[in-house]
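Fold and geometry: a report
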Amino acid sequence: MTITRLQAGPRMSQAVAHGATIYLAGQVADQAKGKSVGEQTTEILAKIDGLLAEAGSDKTRILSATIYLADIATFAEMNSAWEAWVASGHTPARATVEAKLAAPEYTVEIVCVAARTEPTLL
């Protein structure tokens, strides 16, 4: 089976598709500095929408998500943005953990695995 790497860079690809499965790299807000957890979450979810579309899928086909929070006390704020975005009836398996992220301005990072809508698109 073909492996397709999207937005590949020297260190990582933003998404990798293999067969009917799409693996997204951890997504963080591009404009994180000074933004709240809710604002960062909203920006990240928009990035996920774009990557999934590019890979031939959408948020209704997310199988699992792992959410990393720099401070678990912001869980409710992140959940507010998540719940406004996630498609009713299509909620993925999900874990949320507290973790030290790559840079202090990042307060949220989200990783997803999704199914392709059309495996033959890529």
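Residue indices follow the written sequence of each chain, beginning from 1 at its first position. Restriction of local features to residues with pLDDT of at least 70 applies here, the model being predicted, together with a cutoff of 80 or more for giving and counting side-chain atom pairs; totals for whole chains, interfaces and linings are based on all residues. Side-chain measures were taken over the full set of non-hydrogen atoms in the model, leaving aside hydrogen atoms and water.

The subject of this paragraph is the overall build of the protein chain. Elements are defined by DSSP. Helices are runs of H or I of four residues or more, strands are runs of E of two residues or more, and each kind is numbered from the N terminus. Each helix and strand counted, the protein chain has 2 helices and 6 strands in total. Starting at the N terminus and ending at the C terminus, the protein chain contains elements arranged as β-β-β-α-β-α-β-β. Over its C-alpha atoms the protein chain spans a radius of gyration of 14 Å, differing by no more than 12% from the 14 Å that the globule rule assigns to 122 residues. Expressed along its principal axes, the backbone C-alpha trace of the protein chain runs to roughly 40 × 35 × 20 Å. Burial analysis of the protein chain (122 residues in total) assigns 42% to the buried set. Taken over C-alpha atoms, the radius of gyration is set against a globule rule of 2.2 Å times the number of residues to the power 0.38. Accessible area is worked out with a 1.4 Å probe on protein chains only. A residue is then buried under 20% of its type maximum, exposed over 50%, and partly exposed in between.

L24, I48, W82 and I110 are the most contacted members of the largest nonpolar core, which totals 26 residues. It is helix α1 (residues 37-55) that contributes the most residues to this core, 7 residues altogether. By definition in these notes, contact holds between two residues if any of their heavy atoms fall within 4.5 Å. Residues within four places of L24 in sequence aside, it is in contact with Q14, A15, I48, L51, L52, V111 and C112. Side-chain atoms within 4.5 Å are what join buried Ala, Val, Leu, Ile, Met, Phe, Trp, Tyr and Cys residues into a set we call a nonpolar core.

Let us look at the pairing of strand β2 (residues 13-18). Of all 6 residues in β2, 5 are buried; the element is thus mostly enclosed. One bridge is not enough; two strands pair if DSSP finds at least two bridges between them. Across 5 bridges, strand β1 (residues 3-8) lies against β2 in antiparallel orientation. Residue L6 lies in a different strand from β2, and its bridge partner there is A15. As consecutive antiparallel partners, β1 and β2 are separated by 4 residues. Summarising the sheet, β2 and strand β3 (residues 21-24) pair through 4 bridges and their orientation is antiparallel. Looking at the pairing, H18 lines up with T21 of β3. Count of turn residues in the β2/β3 antiparallel hairpin: 2 residues, of which G19 carries a positive phi of about 60°.

Here we take up the packing of aromatic side chains. Aromatic ring pairs are reported here in terms of the distance separating the ring centres and the angle at which the planes meet. By convention, a stacked pair of Phe, Tyr or Trp rings (six-membered ring in the case of Trp) has centres within 6.5 Å and planes under 30 degrees apart, an edge-to-face pair has planes over 60 apart, and any other such pair is tilted. Applying the stated criterion across every chain, the model contains 1 aromatic pair. Two conditions define a charge located above a ring, namely a distance within 6 Å from the ring centre to NZ of Lys or CZ of Arg, and an angle within 35 degrees of the ring normal. Its guanidinium or amino end placed over the ring of W82, R94 lies 5.2 Å from that ring's centre, counting from NZ or CZ.

Contact pair α1 / helix α2 (residues 75-85): the axes reach a minimum separation of 8 Å and the direction vectors enclose 35°. As α1 runs across α2, the sense of the crossing is right-handed. Note on element contacts: α2 touches α1 through E77, M78, A81, W82 and W85, opposite V37, G38, T41, T42, L45, I48 and D49. Only Asp, Glu, Lys and Arg are considered charged in this grouping, and only Ala, Val, Leu, Ile, Met, Phe, Trp, Tyr, Cys and Pro are considered nonpolar; every other residue, Gly among them, is considered polar. Here the residues of the contact of α1 with α2 are counted per class, giving 7 nonpolar, 3 polar and 2 charged. Orientation is described by lines fitted to C-alpha atoms, with helices fitted over the stretch in contact, and by angles between N-to-C directions that extend from 0 to 180 degrees. Left-handed is the label given to a crossing in which the near helix is rotated counterclockwise from the far helix by less than a right angle, and right-handed is the label when the rotation is clockwise.

As a further point, take the environment of L69. Assignment of secondary structure puts L69 in strand β4 (residues 62-69). With 45 residues separating them in the primary sequence, L69 and A114 have C-alpha atoms 21 Å apart. With residues up to four places along the chain from it excluded, the contact list for L69 reads V37, T74, F75, M78, T96, V97, E98, A99, T107 and V108.

Taking 1.5 Å as the rise per residue, α1 with 19 residues should run 27 Å; its terminal C-alpha atoms sit 27 Å apart, in good agreement. Turning to α1, its buried residues number three or more, namely V37, G38, Q40, T41, E43, I44, L45, I48, L51, L52 and A55. Tucked inside the fold, the buried residues of α1 contact β1, β2, β3, β4, α2 and β6 (108-115). Among the residues trailing α1, G56 stands out with phi positive, at a value near 90°. To estimate how far a helix should extend, the number of its residues minus one is multiplied by 1.5 Å.

As far as function goes, none of this settles anything; it's purely spatial.
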